[in-house]
Amino acid sequence: MPLHPITVCVLAATVLVLTASSARAQVASGLWSAAVAIPAAARGQELHVNASGRGLLVSTGASGTLRAGRLVASLWSPDGTFATAGTFAPEHDIAAYGADHIFAPYAADHLVAAGVVDDRDGRVWIGTGRMGRPLDVTHPMPGAWHAVSVQTTANAAGDLATLAVACPSAHDEGCTRTRRLLLSVRRHGHPRKTSEIDAGYLRNQTALATNERGDLLVVYAKRDSKSRTHVYGRIRTLAGHWERRRDLGYSDYAGTLAAALGRVRRAAVIWTKQTVSECEPGSDNGVYAAAAGIGGHWTGDRQLATWGDVGCGHYVAVPGVDAAFSQDARRRAIIAWTARSPGQAGVFSVHSAVVTNGVIYSDHLVSDPAVDTVLSDLDATAAGQAAIVMTTNKAGADPAIAPGSSSPIGEHIIAAATAAMQTPFGSLEDVSTNAAGEVLDGAALAIDPVSTRALSAWSPITVAATVNTSIRTQIRPTP
């Protein structure tokens, strides 16, 4: 059954970000607007702004779960308010297994959307259209049955791609035999083509990125005959030529992936390596990255962080890692990740590093080293501005508990930014003002490349949850 129309949002966007300053541990307030709730939106947000300053915010409906919650698209109007525009599939719930990139804007006001319709076959459907109007083209992704992971990307020229890990047959819901890695590509002005990239014991973790020319970077995890999980990367050129598959390093069942692709096929990939159960003694945890220079020539993987046992519930929550490319004069990428200091009393913290032409430079601590903090989202513009949002008082996946208490301390959204990617993020700033003991469902971030302002959206985990938004002033160089 095809996707039903979704009226998605036009965002004549103005957005958030942070001014850099020297103080680190102190969190500044007053630079972000007061939180505004989105009507009819409940949980789980995805936020995009295109090169023209238009964008969209998508969240799940009232049920508040990916599997059962319907995606709700919201319009950010020029007067700075949001309004619910419609659902992705009014008669069918959809899910975004293993990914948060279900929507991608392109051209001046177009978008592509992909998701799993909650029917008996679990098929992936792809739709295109204009923001603010119903999707006018919808069709199933050939061979994508009972998909467990979906990623979508697009560039400004209108080159679109959707990646899915799916079962080979509608009658093999559990994927008992094998899984297929499928890529559907539509170059601007050409028909869509779907091909199988790999098959076998594929994990749920995938990442998909494109650049302004239309080249693609596909990253995925696959288990070998010795039960080791490899992270593989492959670059597909605009002309359709596949470069050799590269084994970037090892991951594990519970790892997460992120990737970015720049001009002349410069690439950055970052991933976590976590055991299936963090409750088991001797569990291995770490963060790794790999990068490619001009022409997609890969360098070796690099270990960014490692730590041992963390105890139940304290694994690194999704996303854990993120990556973004700038197209400035040096064509840098920026990567960010959540790490943890060793020992049972270790603190979770957020770090970042700049990648230039395949070289990963020294990392910088972004968060307060004394406060449990995890990564929520990262974004960068073509001119080199970058911003990051984080959740504090979160001990990995579970909320931090006050000493001598069984109640959460209360989570908050903070941010940091830089006007030039080669300089570290500036001082921390308070984004959300939440109630004591409140637990949050992460945060989304997007920078408007036109105004260099940014927008953040987050939601509390409660029965009557709503998505809140906040806007910040422009990202400017430090005086």
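Please read all numbers here as calculations on a predicted model, not as lab measurements. (Residues numbered from 1 in each chain as written. Predicted model: local features only at pLDDT ≥ 70, side-chain atom pairs only at ≥ 80, totals over all residues. Heavy atoms only, no water.)

Asker: What should I look at first to understand the packing of aromatic side chains in this one?
Answerer: Two numbers describe a pair of aromatic rings. These are the distance of the centres and the angle of the planes. All chains considered together, the criterion is met by 2 aromatic pairs. Relative to Tyr288, the ring of Trp271 lies with its centre 6.3 Å away and its plane at 20°, an arrangement referred to as stacked. In this pair, Trp271 sits in strand β21 (residues 267-274) while Tyr288 sits in strand β22 (residues 285-292), placing the two residues 17 residues apart along the sequence. Its relative accessible area of 13% is what places Tyr288 among the buried residues. Directly above the aromatic system of Trp145 lies the positively charged group of Arg123, at a separation of 3.9 Å from the ring centroid. One Lys or Arg, Arg245, reaches over the ring of Tyr232 and ends 3.8 Å from the middle of that ring. (Phe/Tyr/Trp six-rings, centres within 6.5 Å; stacked < 30°, edge-to-face > 60°. Helix = DSSP H or I, 4+ residues; strand = E, 2+ residues; numbered from the N terminus. Buried < 20%, exposed > 50% of the residue type's maximum accessible area, 1.4 Å probe, protein only. Lys NZ or Arg CZ within 6 Å of the ring centre and 35° of its normal.)

Asker: Would you mind showing me how to read the confidence of the model for the protein chain here?
Answerer: Parts of the prediction with low pLDDT should not have their coordinates interpreted in detail. For the protein chain, per-residue confidence averages 79 on the pLDDT scale, and residues scoring 70 or more make up 76% of the total. Mean pLDDT in the protein chain bottoms out at strand β7 (residues 94-95), which sits at 41, and peaks at strand β17 (residues 216-223), which reaches 96. Segment residues 62-69: pLDDT under 50, and 18 contacts once partners within four positions in sequence are set aside and those in other chains are kept. Scored below 50 in pLDDT, residues 87-99 makes 61 contacts in the model with residues more than four places away or belonging to other chains. (pLDDT = per-residue confidence, 0-100. Contact = heavy atoms within 4.5 Å.)

Asker: Whenever I open this one, the sheet that holds strand β23 (residues 302-307) confuses me. Can you help?
Answerer: Two strands in a sheet stick together by hydrogen bonds in their backbones, pointing the same way (parallel) or opposite ways (antiparallel). Strand order in the open sheet formed by 4 strands is β20-β21-β22-β23, with antiparallel pairing between adjacent strands. Each end of this open sheet is capped by a strand with a single partner; those strands are β20 (257-261) and β23. Strand-to-strand twist of the sheet, defined as the mean angle between neighbouring strand axes without regard to direction, takes the value 10°. (Pairing = 2+ DSSP bridges. Axes fitted to C-alpha atoms, helices over the stretch in contact; angles between N-to-C directions.)

Asker: It is not clear to me how the side chain of Arg203 should be interpreted in this structure. Could you clarify?
Answerer: For Arg203, the location among the structural elements is in strand β16 (residues 202-210). Judged by relative accessible area, Arg203 falls into the buried class, the value being 8%. A polar side-chain atom of Arg203 sits 3.1 Å from a polar atom in the side chain of Thr229. (Polar contact = N/O pair within 3.5 Å; in protein donor to acceptor, adjacent residues only side chain to side chain.)

Asker: For this particular structure, what's the right way to read the environment of Ile126?
Answerer: Counting through the fold element by element, Ile126 comes out in strand β10 (residues 124-130). Judged by its relative accessible area of 1%, Ile126 falls in the buried class. Sequence separation of Ile126 and Ile102 is 24 residues, and the distance between their C-alpha atoms is 9.5 Å.

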